[in-house]
Amino acid sequence: MAGGIVSPATLLDLITDIVEIPLNAGIFKKDCADLTRRVCLLTHLLEEIRDSTPIDSAASSSSENDWWSDLVAGLQAAKRLLSTARFQARDSSDGAAKRISFQFQCVTWKLEKALSNLPYDLYDISDEVGEQVELARSQLRRAMQRYGSLNSNKFSSALSEPMEIDGFSNIKIKVEEKLESVSETLHFVEEEEKQDSPPLRRSSSISLAYYLSKDADTDRLDKMVNKNTDESKKSDKLTIPVDFLCPVSLELMKDPVIVATGQTYERAYIQRWIDCGNLTCPKTQQKLENFTLTPNYVLRSLISRWCTEHNIEQPAGYINGRTKNSGDMSVIRALVQRLSSRSTEDRRNAVSEIRSLSKRSTDNRILIAEAGAIPVLVNLLTSEDVATQENAITCVLNLSIYENNKELIMFAGAVTSIVQVLRAGTMEARENAAATLFSLSLADENKIIIGGSGAIPALVDLLENGTPRGKKDAATALFNLCIYHGNKGRAVRAGIVTALVKMLSDSTRHRMVDEALTILSVLANNQDAKSAIVKANTLPALIGILQTDQTRNRENAAAILLSLCKRDTEKLVSIGRLGAVVPLMDLSKNGTERGKRKAISLLELLRKACQ
């Protein structure tokens, strides 16, 4: 077993110890509960690893150690952290609180990194457990997005440090380097005023279908921390009414919402609670009959008045109970009413104005949704007026940027109409429909719904026949949907492999080799996809990329070849004759950590095949 010293049984005992740690009641209550819940998701994975034998012990010795060491270090650090954080009182020093917060970032990164490198090919991992691992990774990525990306070297060193408070005083957080593992933050860019393009940052590559946000520099980060600290000190001098505090975060609420049980929470925290798979009310433990979050305008107004009376800066985004820098709610409601006008011209003008408002700010997206626009906009997706349909699908895309609106869009039954636009709309409407499906599919449960809606064949068609921008939109959406195992077969049956293989040999200036390889690397562990890839005579193209292309493309080519050739001596001999050995040796020395592992595993298999 990888790691030599620590066995799966030992890690299972470690998880049991973590679960038994009493829940923290201080400022890190939510962080402790979230981390414990995510660690619990790994139980079934470790049980299956414990009960399985590595498929190839030689490969195990070379490729398994890294991920296992990361997992062991992450779980051990999680136990130390949870044991320490539960004693963190609300009146603790700023330095102590910062250090604990940093440790949560470190542990989250380490666990996500370990799971991203899990060598499924070495174990008999069931599909159900595989999906559970992907769920845990998804939650860890969301946590990383919330915590922010930090320098990976700082993460590693912090994990090995003792948990004394003094150890943190000299740590300088830098936010310049991207994490090596897949913890990129999805970043939407709002439509530009002149071009009015859809609010997705378009890149020359999928980069594993997540778009990188530029991290704040150190000075900005320090200013933000100091500002929050000063406000906290000012608030601590007063006794904040209990009803104004979120029961989950114990912080002054800025956007209070009511759940089905009648309890009020801060929107961001209760949404995170629901996103983690919880079906009960945190305070009462009653089952939530639905997940609707209703704004508590009365409480918001009371909090605003209280802040004004005590000369406290009001929660970000609100002044006198109203949203800053957003369209007037009465104007928005009037526009929403005009969406149902009998006049085609009136509807067209109203949806155009809402499109303009929805691209400007998050506040506007919240208000437009609260005004009841989403169901009406979904109805307009089937409009026979071309301009109305184009504006409506772009409005839905813009509104989906705000996380809470995704659920409202899904509840409105939008997917069927979005797919209809994707199939038969204008090219601009089809592109924005594909971008909308990508946005909605970021929620794991939506991947299943969208995959079963007939969207995948339409996306494959856009991938083959769209404009360069449309092809990128389709590729991004298809990648994200194919993360869910059940959608891989649908994509293969829709002809995605043929389209992707053509892209590998595309020599135009709009070539999308990076995107094609990224999607193929995700599909390659599906048996139908393997057969289709081999049938398309892809091996020579992959060897060519391995010999001459960029590092990331070489890495993905090696990953695909490993999936195709494992336990197939004939294919191993074939890639050896095609010249795979020399570029694999180079990749094993000069590639990324993932690239090195893939190359070393392939070289080991080639050596055995030759023997």
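Residues numbered from 1 in each chain as written. Predicted model: local features only at pLDDT ≥ 70, side-chain atom pairs only at ≥ 80, totals over all residues. Heavy atoms only, no water.

K.L.:
Quick question: what am I supposed to make of the environment of Cys40 here?
P.N.:
Secondary-structure assignment places Cys40 in helix α2 (residues 29–40). Taking relative accessible area as the criterion, Cys40 reaches 32% and is therefore assigned partly exposed. Sequence separation between Cys40 and Thr16 is 24 residues, and the spatial gap between their C-alpha atoms is 8.5 Å. (Helix = DSSP H or I, 4+ residues; strand = E, 2+ residues; numbered from the N terminus. Buried < 20%, exposed > 50% of the residue type's maximum accessible area, 1.4 Å probe, protein only.)

K.L.:
Would you mind going over the pattern of salt bridges with me for this structure?
P.N.:
When charged atoms on two side chains of opposite charge get close, those side chains can pair. Counting across every chain of the model gives 26 salt bridges. Note that Arg338 and Asp346 form a salt bridge whose closest N and O atoms lie 3.0 Å from each other. Judged by relative accessible area, which is 25%, Arg338 ranks as partly exposed. Two residues, Glu593 and Lys596, come together in a salt bridge whose shortest N-O distance is 3.9 Å. Linking Glu593 with Lys596, this pair stays in helix α31 (residues 593–610), spanning three residues, or about one helical turn. With a relative accessible area of 32%, Glu593 lands in the partly exposed category. (Salt bridge = Lys/Arg side-chain N within 4 Å of Asp/Glu carboxyl O.)

K.L.:
Sorry, what's going on with the sheet that holds strand β3 (residues 294–295) here?
P.N.:
Within a beta sheet, neighbouring strands are joined by backbone hydrogen bonds and run either parallel or antiparallel to one another. Within the open sheet, the three strands sit side by side as β2-β1-β3. Their pairing is antiparallel. In this open sheet, the two edge strands, each paired with only one partner strand, are β2 (264–266) and β3. Those strands touched by helix α10 (residues 267–275) are β1 (256–258), β2 and β3, and its axis lies near 95° from that of β2. (Pairing = 2+ DSSP bridges. Contact = heavy atoms within 4.5 Å. Axes fitted to C-alpha atoms, helices over the stretch in contact; angles between N-to-C directions.)

K.L.:
Please explain the confidence of the model for the chain as it appears in this structure.
P.N.:
Caution applies to low-pLDDT parts of the model: their predicted coordinates are not meant to be read in detail. Per-residue confidence for the chain gives a mean pLDDT of 76, with 75% of residues at or over 70. The model gives residues 149–236 a pLDDT under 50, and that stretch makes 175 contacts with residues more than four places away or in other chains. A low-confidence stretch, residues 316–327 stays under pLDDT 50, and its non-local contacts, those more than four residues away or across chains, total 32 contacts. (pLDDT = per-residue confidence, 0-100.)

K.L.:
Would you mind going over the environment of Ser7 with me for this structure?
P.N.:
Turning to its location among the elements, Ser7 is positioned in the segment before α1 (8–20). A polar side-chain atom of Ser7 sits 3.0 Å from a polar atom in the side chain of Thr10. (Polar contact = N/O pair within 3.5 Å; in protein donor to acceptor, adjacent residues only side chain to side chain.)

K.L.:
When you look at the nonpolar core in this model, what are you seeing that I'm missing?
P.N.:
Most often, soluble globular proteins keep nonpolar side chains buried together rather than apart. Counting residues in each nonpolar core, the largest one holds 97 residues, and the members touching the most others are Leu459, Leu463, Ile496, Leu500, Ile575 and Leu584. Contacts of Leu463, omitting those with residues within four sequence positions, involve Lys471, Ala474, Ala475, Leu478, Ile496, Ala499, Leu500 and Met503. Core analysis: the second largest hydrophobic core is formed by 40 residues, Phe28, Ile49, Trp68 and Leu75 among them. (Core = buried A, V, L, I, M, F, W, Y, C linked by side-chain atoms within 4.5 Å.)

K.L.:
I'm lost on the packing of helix α19 (residues 427–441) against helix α22 (residues 468–482) in this one. Help?
P.N.:
Packed helix pairs are specified by the crossing angle of their axes together with the interaxial distance, meaning the distance between the axes. Where α19 contacts α22, the two axes come as close as 8 Å, and the packing angle between them is 25°. The angle between the axes of α19 and α22 places the two elements in the roughly parallel class. Considering the relative orientation of α19 and α22, their crossing is left-handed. Of the residues in α22, those in contact with Glu428, Glu431, Asn432, Ala434, Ala435, Phe438 and Ser441 of α19 are Arg469, Gly470, Asp473, Ala474, Thr476, Ala477, Asn480 and Leu481. Residue composition of the contact of α19 with α22, by class: six nonpolar, five polar and four charged. (Parallel < 35°, antiparallel > 145°, perpendicular 65-115°, else oblique. Left-handed = near helix turned anticlockwise from the far one by under 90°. Nonpolar A, V, L, I, M, F, W, Y, C, P; charged D, E, K, R; others polar.)

K.L.:
Looking at this structure, I do not really get the packing of aromatic side chains. What am I missing?
P.N.:
Aromatic ring pairs are defined here through the distance separating the ring centres and the angle between the ring planes. Taken as a whole and judged by the stated rule, the model has two aromatic pairs. For the pair Trp67 and Trp68, a centre-to-centre distance of 5.4 Å together with 80° between the ring planes defines the contact as edge-to-face. On the accessibility criterion, Trp67 (0% relative accessible area) is buried. Residue classification places Trp68 among the buried residues on the basis of a relative accessible area of 0%. (Phe/Tyr/Trp six-rings, centres within 6.5 Å; stacked < 30°, edge-to-face > 60°.)

K.L.:
Sorry, what's going on with helix α15 (residues 373–380) here?
P.N.:
The α-helix winds at 3.6 residues per turn, so residues separated by three or four positions along the chain end up facing the same way. In terms of residue burial, α15 counts as a mostly covered element, since six of its eight residues are buried. Looking at the buried side of α15, the elements it contacts are α12 (329–338), α13 (344–358), α14 (362–370), α16 (386–400), α17 (403–411) and α18 (414–424).

K.L.:
Can you walk me through the side chain of Gln389 in this structure?
P.N.:
Looking at the element boundaries, Gln389 is found in helix α16. Residue class for Gln389 comes out buried when judged on its relative accessible area of 14%. Gln389 has contacts with Leu380, Leu381, Thr382, Ser383, Val421, Gly425 and Ala429, leaving out every residue within four places of it along the chain.

K.L.:
Help me out: how do you make sense of the environment of Leu539 in this one?
P.N.:
Relative to the helices and strands, Leu539 is located in helix α27 (residues 539–548). Accessibility expressed as a relative area gives 12% for Leu539, which makes it buried. In the structure, Leu539 is positioned 22 residues away from Leu561 in sequence and 7.6 Å away in space, judged by C-alpha atoms. Look past the residues within four positions of Leu539 in its chain and what remains in contact with it is Leu561, Leu564, Ser574, Ile575 and Leu578.

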